[in-house]
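The primary structure of each chain is shown beneath.
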Amino acid sequence: MSVTDEGMQVPRLDFELTTGCDHRCGHCYNVWGAKEGDAQAGYDPGRPLRTAAFKALMTKAVTQSGCTHLTLTGGEPLLRPDALEVIGHACTLVPAVHLITNGSHVTPAVAAGLTAAGVKSVQLTLLAGDATLHDRLKGAVCFDDTCRAALTLSEAGVAVTICYVAMAENAGELGAVMELACVLGARQISYNRMSPTGVAIHNIARLMPTVEQVEADLDTAEVLGPRLRVSVGTAMPLPPCLFRPERYAWVRFGYCSTGTASPNLVVDPAGNVRSCNLSSGILGNLARQDWAEIMANPYPRDFRREIPAMCKGCAYERSCNGGCKESGFATFGDATHPEPFLWLALHPEARAAMAATWPGPR
Amino acid sequence: MTPPASSAKPAVLLVSPGILRWSDQDFGLPHLVSIGGYLERELGVRVELLDLGYEGGDHRALAETIASLGPFVLIGLSAYSSFDYPRVMSVARFLKALHPDVPLVGGGYHASALPGDVVFEGSPFDAVVVGEGERPLADIVRTLLGGERLDKTIYGPDLVQELDTLPPYRWDLLRRYWPRAHDIGRKFQIYLSRGCPYHCTFCMERSKSGYKWRAYSADRALDELKRLATFTDLGRWVVNVADPLFGFNRRWRREVLEGIAREGLLPRQYWTLTRSDDLDDTDVALLAAARFSIGIGLESGSPELLRVMQKGNEPGAYLSALLRLADLSRKHGLSWAANVIIGHPGETPATMRETHAYLERLYLSAPETCGWLSVDPFRLYPGADVFERIGTYEARFGAKFHHPRWWTHWYDGPFHAQHIDPSRELDYEGRVRFMYDTYAPLVTEVQARFRGQGRSIDRVFARSLEEQREQFSPAMRDRLLATAKRARTEAVRRESAGTSEPPEPLAHRPIGLQLRDPWVRRREEAVRRLLETGVLRSERVVEALLEVAPERFLPAEEAEAMLLDRARPPAREGEAPWAVPIRILVTGLEALGLGAGDRAADLAARGGYVAALLAELVGAAGEVVAVAPGVSTRALAASLADRANVRVKGRAPAAPWRLDGLFEGTSEGTREGTCDGVWLGAALPRAPRAFRDLLVEGGVAITALGPRFRAQDLVRLTRHGDTLEEHRLGRVDLPVLGGFGGWIPAPPQDADLPALSVEAWRGPAAAFAVFARLDLGRDAASCFDPALPAPPWAPELAAAWHAAPGRLALVGEALRHVEPAELARVLRHGPPAPLRDDLGRALAVAFADALDTLDVPVVADVPAPAPTLAADLTHLRGLLWEAQPGPPPPLVVLDCRALGPRGRACTWEGRRRIAVSLGEPAEHVVMQVLHEDIHALTDPHVWAGRDATARDTRLDTPGFTLHQELEQVALAATDAFLRAKAPGWMPAFERWSARLA
């Protein structure tokens, strides 16, 4: 089957190569981390496909979806023994392959392998300008690994992007991270305010940044970005009802793409397709179904249509679409509940209650 | 006014700026009366006196008054107090602009201390008099009559050595004010001596009248009092003998006091300042017999600090003398007060404790005291020794003067004057805390032990004691500490930025002319605050703010909050707010930069206040369009009816902003920019492209852009070709606008609301159940039902009702709250504006208490109106309002059984709320509702959307008469309406009328 129907085409796909990871981030959004009783509990990715089957799955996905950009992620994708082979295969399928890794396994050999395969860019995560805070938030001793990985990749000619997750406990660190990224040769920051799904919903009270903290980061990005020539883009939505995007000419703002013509669909190690990394709803399994059948699932369309009541009629209803509704579902069990970042902005007093009782009865 | 008969003589005008604290105002102006008499006698000129505090009226009235009294060869303006300096300069600039060819001369304490503050390059003053005014001012007039000019010259000092050479006080120069003298002040001011030989470091007296004590002879002093008694009944006044130091000479003192007693020159009370060192048993007896009460400048109980203050060489004897006076005063019944200064440079915690211990001994060593205590912070006065030797005090004590030129601040002069760290051991905050925490109990105890004279004057003493006690409230302390914190933060910011205090802002219009009008006072305070902080910078905006009365356009609560720089969100998200905090408004108006002849628009003109300001800014040659936030323009058009250059336009919220064709010479449908300035006082998500089409090239729009739930950017958008260039003016937090270009869809408009609904709200029902138990006598607001049992609170509540001038606002408030508990909460914590005086609050709280205690059998949960009620009312209202633009305002009928046959109504959020008893016959209910609805068309207050007026409704009051007249008008209108439009209802109307009659 080849792509003929425009409605089935997607420009990009994410592949989760493995659910395993050797870091223990409190903000981790992987849905398989959800605990019993959580709204996302019970996500079962099933048995990971073996190398040949997974490669075939990738081929099928690209062929049927028409995508030209693959992002390979996890878990930690480099923990998969055949990671370089799978990555190499991806590079034969599409012109742009992007890797998201925690950096702890990027040896010079791996970097050389990525270069040889033709990986366009690698995303590493830096949460602070110093090792102590970074390692504490990552739940692993990895700051030096990450820095070394960035240098190794840069030397190998692979573009490096730094992911920064804004949390209450690393508030004010963005400037130091941007400067460090610049030194390490990275020219791009992916700025993500914490958007809790998976295990992260249990850490909202402790980790969710305030609006003021995020706004201070945006101010920092606006000043430092041009000076360091480091571009900044936001992946997790920052609702315009809380920020004025026009104040930040340097920052590219991104919003939820589920249900749009350019969705961020994800395929897990067993071939299950979800509407995004944060979603626990399975649209279908590409190992057993064709792309067209999966794309016929109404979930993304319905998901886009259902927004919090307070957002209906808002000037940004179409673009913002209620912020990160998956985190609203993961946290409150209801995708039409204002998502936790917005909820805490409007009800700061709820943070204490969340710390004391979360997760509460639903 | 007809010029005086002697108008052929050259004339001199002497102007007193008045004082801002009108409650302390004295009548008399003896300094100007003396100068005026001297000029008339010496030069044969005619002298006119004006006190701007007495005048009333606005700047236009002042200009007319001066024109009617002139022409003048000279205008003298007193810069009496440093606190009034910016205001005096604004008056001076106004006078100079009014009469540029008439020389303007300044004088007074501030002018004597700092003549360079009065005459300088660019100053409106042509000369300044240092010291006493009689002789230097006579020299100036002679110079002018000789044809010479003044050229920023300093005259004086030239003190009058023999006061008897002065002419008698010419009290007739106050002829403009004598008819209302007792309304102006409760004290009459006169001088019987000048100068003070002491060298107290904090006092500015020396800069004006020097160190030599000079007095009228005792006989002349008594003659002056006798002459005064021919002008006014002394017995009605407290006479303030405002000498710097009364009776320094013992023989003179005794002769005057004996003469007063002998001649019976006895007012209600004399008040004066003196020292206790020289007062023995005879003096105290004489003072008491002459009905004197005296203020003693004790200043400190610390011998060490008294030496620093140069209060005398023997502090021990000085302190003992006052203890002796305290004893003697009990013997003779002399009332006295000790003035204490806390925080003089050199003050330490130890000296403060010493003073406090001394005062406890002074006041509390006996069961009662004839003295009261007046405690003030040290204030830095120009002309005082401390001021002139600031460096010495800084070096010696480590004192720090945070605002050495405090009088250039437009606002909060009392704070800036006292914001001083007295010593290395004591900072300002420490002084404030000690003063308030330690003296509050002492002042309260003194109040409890004070023994009066058993005369009516005791009320004056009691008031002074109470005022002193109120000054020591924790709220006052915290306010000062918060102000000091802000001032220090600002100083640090300036220091790090390398900037100095902002320059003195200018105003070219006099401020402070209508001090007795609380609205004008609030407006002027806001203007002064904004001038001081530099937000208000241009003369046109100052003038517009002073000219336009917000309370004419906005509900009282909204106007008050706006002037206090507070935000009040609208009832529903997406509605245009009535007003924005004044700091935001002024920032925007300054950035608009409108000039005479410009075209401007307010795109969300709720109330019309901003449109009226814009109309002032563009002047008669300019044009303003006020766009109503809704299709109905009735209320807005009524508010702006007297503005010839304002046009009102309605706009459906979902419709785009269009102004084409609304200004003279423009045509509809062209979409070409026509507007020089656009104001939209609410927040939008982003700059609307429509703004570009409204503006001419270079035109400016002011609005807020940004988040719905957090602070936005107040922006100036300037049209350049097809683009709007954005300049951020600051962060603001404004309500978001709904509708076209707004954040959310428009909230329901009047037309979207149900045209008629019948409700059973417990709040109004309970409120009128309370009213039904109140015997208010012949009061138009009464709905007393004598058949109901009288609860114990009824008499007290009825008395509170009669006592509170703003009582009628209670009725309007009762119609606004669904639940009685909510009504009670609002009455206790945020009563409507007319009830915010002491009496109003007492009424509101008493009413809330009654609501709590009354177990009101309200109404059935579901009212059961007659089946035809809605149809009848809808039909009649349709006929009634058909001649008006737009549909009838939505109507909410509230079932309040306690009202019996009566009705009550208000307009709230665009809806008529009419309370009636649905237990009455159906035709009666229809007629009652119709009648209340007709009030909305015939009563100008209701028409303008201001139901909560403070009208008096008691029998035999003008308010009652007005109420009756309006009632007759409404009845006549109902009659005429039914005859013309619904004659079938006439029998019902006649039965209804007969029943109510």
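Because the structure is predicted, anything quoted here is derived from the model rather than measured.

Caption draft 1: Spatial organisation of unusual backbone geometry. All names here are of chain B. Here the amide bond leading from glycine 70 into proline 71 is cis, since omega sits at 5°, within 30 degrees of zero. Following the sequence through the fold, proline 71 ends up in the loop between helix 3 (59-69) and strand 4 (74-78). Glycine 156 connects to proline 157 through a cis peptide bond whose omega is 5°. Along the polypeptide, proline 157 turns up in the loop between strand 7 (153-155) and helix 7 (181-184).

Caption draft 2: Up close: the side chain of A:Thr101. All names here are of chain A. For threonine 101, the position within the fold is in the loop between strand 3 (96-100) and helix 3 (108-117). At 3.1 Å, the side chain of threonine 101 forms a polar contact with the backbone nitrogen of glycine 103. Those residues in contact with threonine 101, other than ones at most four positions away along the chain, are Glu76, Pro77, Leu78, Val106, Val122, Gln123, Leu124 and Thr125.

Caption draft 3: Region of the structure containing the nonpolar core. Residue and element names in this part refer to chain B. Counting 164 residues, the largest nonpolar core has Phe27, Ile140, Leu359, Leu362 and Tyr439 as the members making the most contacts within it. The greatest single-element share of this core, amounting to 10 residues, is contributed by helix 18 (residues 428-449). Residues Leu530, Ala544, Leu640 and Trp743 belong to the second largest nonpolar core, which totals 144 residues.

Caption draft 4: Spotlight on the pairing of strand 13 (residues 292-299) of chain B. All names here are of chain B. The buried fraction of strand 13 amounts to eight of the eight residues, a majority that puts the element mostly inside the structure. Because side chains alternate across strand 13, one face comprises the buried residues Phe292, Ile294, Ile296 and Leu298, and the other comprises Ser293, Gly295, Gly297 and Glu299, equally buried. In this view, the connection linking strand 12 (residues 269-274) to its parallel neighbour strand 13 by way of helix 11 (residues 281-289) has right-handed handedness. Where strand 13 meets strand 14 (residues 335-342), five bridges bridge the pair, whose relative direction is parallel. Its bridge partner lying in strand 14, isoleucine 296 is registered against alanine 338.

Caption draft 5: Examining the pattern of salt bridges more closely. Inspection of the entire model under this criterion finds 75 salt bridges over all chains. Two residues, B:Asp713 and A:Arg247, come together in a salt bridge whose shortest N-O distance is 2.2 Å. Here A:Arg247 lies in the loop between strand 7 (231-234) and strand 8 (251-252) and B:Asp713 lies in strand 23 (residues 712-720), a pairing that spans two chains. On the basis of relative accessibility, which here comes to 2%, the residue B:Asp713 falls in the buried class.

Caption draft 6: Here's a closer look at the confidence of the model for chain B. Residue and element names in this part refer to chain B. When the pLDDT values of chain B are averaged, the result is 87; 92% of them are 70 or greater. Segment residues 1-6: pLDDT under 50, and seven contacts once partners within four positions in sequence are set aside and those in other chains are kept. This complex was scored by the predictor with a pTM of 0.69 and an ipTM of 0.92.

Caption draft 7: Spotlight on the interface of chain A and chain B. The partner chain B presents 17 residues to the 18 residues of chain A that form the contact. Here chain A and chain B share an interface that buries about 1500 Å² over both sides, 47% of which is from carbon and sulfur atoms. Broken down residue by residue, the surface that chain A buries against chain B is led by A:Cys241, A:Arg244 and A:Arg247, which jointly contribute 40%. Linking chain A to chain B there are six salt bridges. Note that A:Arg244 is salt-bridged to B:Glu726, the shortest N-O span being 2.7 Å. Along the contact surface separating chain A from chain B lie 11 residue pairs in polar contact (both at pLDDT 80 or more). Within the residue set of the side of chain A that touches chain B, elements represented by two or more residues are helix 8 (211-228) and helix 13 (340-346) of chain A.

Rules of the game
- Residues numbered from 1 in each chain as written.
- Chains lettered and ligands numbered in written order.
- Predicted model: local features only at pLDDT ≥ 70, side-chain atom pairs only at ≥ 80, totals over all residues.
- Heavy atoms only, no water.
- Helix = DSSP H or I, 4+ residues; strand = E, 2+ residues; numbered from the N terminus.
- Polar contact = N/O pair within 3.5 Å; in protein donor to acceptor, adjacent residues only side chain to side chain.
- Contact = heavy atoms within 4.5 Å.
- Core = buried A, V, L, I, M, F, W, Y, C linked by side-chain atoms within 4.5 Å.
- Buried < 20%, exposed > 50% of the residue type's maximum accessible area, 1.4 Å probe, protein only.
- Right-handed = clockwise from strand over helix to strand, strands pointing away.
- Pairing = 2+ DSSP bridges.
- Salt bridge = Lys/Arg side-chain N within 4 Å of Asp/Glu carboxyl O.
- pLDDT = per-residue confidence, 0-100.
- Buried area = accessible area lost by both parts, 1.4 Å probe.

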